Amino acid sequence: MTPHEPDARPLLLGGPALGLRLIVLAILSFGLMVADHRQHQLAVIRSWFSAIVYPIQWAVQAPLAAWNSVRDSLATRAQIESDNVRLQADNLVLRLKQLRYDALEQENQRLRAAHESSARIVQRTLVAEIVRVDLDPFRQRVLVNKGSRDGVFRGQAALDANGIFGQVTRVGPVSAEIILISDPEHAIPVQVNRTGARTIALGTGRSGQLSLPYMPQNSDVVAGDLLVSSGLGGVYPPGYPVGKITEVGRDPSQPLLSVAAEPLAALDRDSEILLAWFDSTVQEPEPEPAVAAQPADPAGGN
Amino acid sequence: MARSTNLGWPRIIAVTIAALAATVLPLPGWLGMVRPDFVALTVLWFCLISPRMTGLFHAWGAGLALDAFRGVLLGQHALTLLVITYVATKLRLQIRAFPLLQQTAVIMALLWLNEFLLFWIDGVSGHAITDWRRWLAVPVGAACWPLITGLYARVVARR
C-alpha cells in the first residue's frame, strides 16, 4: 500500500476548471474539423499523423500477414505444380494477345496522330500491398503500403489485374488511403464498350455492386455489357475495364433506367494493387461529367 | 469495480493504443459492423477509475488518434469522446456507486450519445452513413462493458 499523503486537490471533480477545459477542447475540435473539411487545409498534419499511426496499423495486421506467408510457404508441391501449369497456360494466352495488341496499338497511335489526339495509356505502375486493417465497415476504403515517398499522389488511379480499383484520397509519407469504386461517395465516368454510350457509375457501399442511375429509358444497354473507363475527368486512364452490367431495370413510369453493374476488379479479395501513372495533360473536347471523377464533393451531399 | 487508483502514464498509453488497435483489427464481414467502440469504452473506464490523471485531455487525445487511425475527419471522435467523458466525469460518483447492470445502462446511454454525435457530424460534413446497422455497435458495446471492466480491473489496475 502507498503511504498516506495529504492531497490538496479537490475530491469532487468538476466546477469551472472542467467546464473550461471542455469548452477549450471542443473549440479546438471544431476548428480541426472545419480546417480539415474545408479544402483539406490540414494535409501536412494529416500526413504526419498517418506516418505516426502507420506502424501500429501495420502491426495490427502483421500476425495475419505472417500466418498467410506461413501458409503460402507450406503449400503442397501438387498445388504449386498445378498453379505453375495454369500460369504457363495463362502466359501463353496473354502472349498471343500481346502480339495482336502491339500491332493494334501502333495502328491506334497512327490513327490518333492523324486526329491529333494522344492516347492516354498507363506509362508506369507501382505495386502496392493492401494493409489489412478495417478502416470503416460502412465505407469502402483501404490502406496501402506506398506513400508520397514513392511518388504516390492524391487522385492517382489504382488498378488491379482485372480492372479499375479506385483512386488515392489521402497520402502519407509511407502509406496512402484508397477509395474503392464501390464506395458510396465515389463516382467514375464510364462508357458502355459495345455502344460507346457515356455515363457515370456510382458506388453503392457493397463491394460487388455499382449503380448507373443516369441512363435514359431509350439507351441501348443489356446485361453482360462491359463498362470501360471513359477517361473524362482525367483521373482514370481511358479504356480500362470497370465492370459488367448485371441488371437492367426498365420501369416505363420512370424517366431513367435502374442499371446495376458488378466491378471487375476483385475489390474485396485483392492483396496487391497497381498504382498507375499516365499522361493526363490532354484536355478532352467534351468535359461535361468532368467533376464526376473526383470523389463526390463532401459539401455536395449526393 | 476496482478502487480509484492513479495509474502510470505508460500503462494508460499502452491500454489506449491496444484499444485503438482493436478498433482497426480486421474482422470478417458482419463482425466488423457490430464491433464495439473499444476506445470509447476504454476512455470511459479510465475516466471513472482515474479521473485525475485521465479525463478530458486523455479522451481528446485518444479521439484524435482514432481519427488519424481510421482516416476520418480530424477532430470528430475527439469531440464526441470529449463530450461523453465530460458527462461521465460529472456523474462519476453516481456511476461508480451503481450496480453493474445500472452502470451498463448508463454506459449504453453514453455510447449512444457518442454514436449520435458521430452520426450528426458525418451528416453535417456530407459523409452520412444511413445504414441502420451502425447503431448495432451501441448495444454490443454496452454488453461488453461488464467484460471490459472485469478485464481492466484485473489486468490494468493491478499494482
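Computed from a predicted structure; not experimentally measured.

S.K.: I'm lost on the interface of chain A and chain B in this one. Help?
M.R.: How big an interface is tends to be reported as the loss of accessible area on association of its parts. Contact with chain A, which involves 39 residues of that partner, is made by 34 residues of chain B. Among the secondary structure elements, those contributing two or more residues to the side of chain A that touches chain B are helix 1 (15–37) and helix 2 (43–73) of chain A. Examining the composition of the side of chain A that touches chain B, we find that 11 residues originate from one element, helix 1 of chain A, more than from any other. Considered class by class, the residues forming the side of chain A that touches chain B number 20 nonpolar, 8 polar and 11 charged.

S.K.: Help me understand the sheet that holds strand 3 (residues 157–159) of chain A in this model?
M.R.: Backbone hydrogen bonds are what pair the strands of a sheet, in a parallel or an antiparallel way. Residue and element names in this part refer to chain A. One closed barrel accounts for 6 strands, arranged 1-2-5-4-3-12; its pairing is antiparallel. Averaged over neighbouring strand pairs, the angle between their axes works out to 45° when direction is ignored. With 2 bridges connecting them, strand 3 and strand 12 (residues 272–278) associate as antiparallel partners. Counted as the bridge partner of Ala-158 is Leu-275 from strand 12. Against the sheet, helix 2 touches strand 1 (122–131), strand 2 (141–144) and strand 4 (164–171), its axis set at about 55° to strand 1.

S.K.: It is not clear to me how the sheet that holds strand 6 (residues 187–192) of chain A should be interpreted in this structure. Could you clarify?
M.R.: All names here are of chain A. The sheet built from 6 strands closes into a barrel, its strands ordered 6-7-8-11-10-9 with antiparallel pairing. Mean inter-strand twist for the sheet, computed between neighbouring axes without regard to direction, equals 40°. When strand 7 (residues 198–203) meets strand 8 (residues 210–212), the two strands line up antiparallel, connected through 2 bridges. Considered in strand 8, the bridge of Gly-203 is made with Leu-210.

S.K.: What is the right way to read the nonpolar core from this model?
M.R.: The nonpolar side chains of a soluble globular protein tend to be buried, and buried together. Core analysis: the biggest nonpolar cluster contains 92 residues, and A:Ile164, A:Ala201, B:Leu44 and B:Leu82 have the highest contact counts within it. It is helix 3 (residues 38–49) of chain B that provides the largest number of residues to this core, a total of 11 residues. Residues lining this core come from more than one domain, with at least three contributed by each of domain 1 (28–73) and domain 3 (125–302) of chain A. Every residue in contact with B:Leu44, bar those within four places of it in the chain, is listed here: B:Ile84, B:Ala88, B:Ile107 and B:Leu110. By size, the runner-up hydrophobic cluster in this structure holds 7 residues, among which are A:Leu32, A:Met33, B:Leu73 and B:Leu118.

Conventions used here
Residues numbered from 1 in each chain as written. Chains lettered and ligands numbered in written order. Predicted model: local features only at pLDDT ≥ 70, side-chain atom pairs only at ≥ 80, totals over all residues. Contact = placed C-beta atoms within 7 Å. Helix = DSSP H or I, 4+ residues; strand = E, 2+ residues; numbered from the N terminus. Nonpolar A, V, L, I, M, F, W, Y, C, P; charged D, E, K, R; others polar. Pairing = 2+ DSSP bridges. Axes fitted to C-alpha atoms, helices over the stretch in contact; angles between N-to-C directions. Core = buried A, V, L, I, M, F, W, Y, C linked by C-beta atoms within 7 Å. Buried ≥ 20, exposed ≤ 12 C-beta atoms within 10 Å, placed from the backbone. Domains from an automatic or database assignment.

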